Amino acid sequence: MTQTETVPVTATPVGAQTYAEIVQFYSHHMQLLDNAEAEEWADGFTEDGVFAQNVKPAPTSGRSTIAASMRRGVDRLKNRNVVRRHWLSMVVADQVDADQVHTRYYAVVFETPVGGKASVYLSTTGKDVLVREDGRWRIKYREINHDGA
């Protein structure tokens, strides 16, 4: 799914059980990132997963490359004594087939310096292609668009 693609009018929302699984996946996934567990967070991507952002010149491809990139990012935050919390909501999930779902969501990132007050760091929209691998959801393709970029 690319930035110019839209969900077809005939999209079929996932059932309640699948929706609950996806929301649980996202909650765990974001908490791993907020806890600076970059490698565990990257395990939420398929081996050949892609992470694209409209503020980066090119997508990051491959779980190990995504993990290394995120490790650098969370280490920079630790060095700045800043905590970030990713708040993901408004999840729309459409069934493609039994093992593939397309999602769209909003994400807000809060940033709090040690001893300081929380503030909104970033507002984004996201689109994921999720696939079921070995009984669990993983991200095959993620596109994050930063508002105002």
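Residues numbered from 1 in each chain as written. Predicted model: local features only at pLDDT ≥ 70, side-chain atom pairs only at ≥ 80, totals over all residues. Heavy atoms only, no water.

Chemist: Looking at this structure, I do not really get the nonpolar core. What am I missing?
Modeler: Grouped together as the largest cluster of nonpolar side chains are 26 residues, with contacts concentrated most on Ile22, Tyr26, Trp41, Phe51, Met70, Val101 and Leu130. Elements with a contribution of two residues or more to this core: helix H1 (16-34), helix H2 (38-42), strand S2 (45-53), helix H3 (63-79), strand S4 (82-97), strand S5 (100-113) and strand S7 (136-146). (Core = buried A, V, L, I, M, F, W, Y, C linked by side-chain atoms within 4.5 Å. Buried < 20%, exposed > 50% of the residue type's maximum accessible area, 1.4 Å probe, protein only. Helix = DSSP H or I, 4+ residues; strand = E, 2+ residues; numbered from the N terminus.)

Chemist: So what exactly am I meant to see when it comes to the environment of Glu133 here?
Modeler: The topology assignment puts Glu133 in strand S6 (residues 119-133). It is 21 Å that separates the C-alpha atoms of Glu133 and Thr12, two residues lying 121 residues apart in sequence. Excluding residues within four positions of it along the chain, Glu133 makes contact with Thr46, Arg63 and Arg138. Reaching out from Glu133, the side chain makes a polar contact with the side chain of Arg138 at a distance of 3.0 Å. (Contact = heavy atoms within 4.5 Å. Polar contact = N/O pair within 3.5 Å; in protein donor to acceptor, adjacent residues only side chain to side chain.)

Chemist: Honestly, the pattern of salt bridges in this entry has me stumped. Any pointers?
Modeler: Proximity of charged atoms lets side chains of opposite charge pair with each other. Counting across every chain of the model gives 14 salt bridges. The partner of Glu47 in a salt bridge is Arg63, and the shortest N-O contact between them spans 3.0 Å. You can see Glu47 sitting in strand S2 and its partner Arg63 sitting in helix H3, a full 16 residues away along the chain. Accessibility expressed as a relative area gives 52% for Glu47, which makes it exposed. Classification of Arg63 by relative accessible area gives buried; the value is 16%. Note that Asp94 is salt-bridged to Arg104, the shortest N-O span being 3.0 Å. (Salt bridge = Lys/Arg side-chain N within 4 Å of Asp/Glu carboxyl O.)

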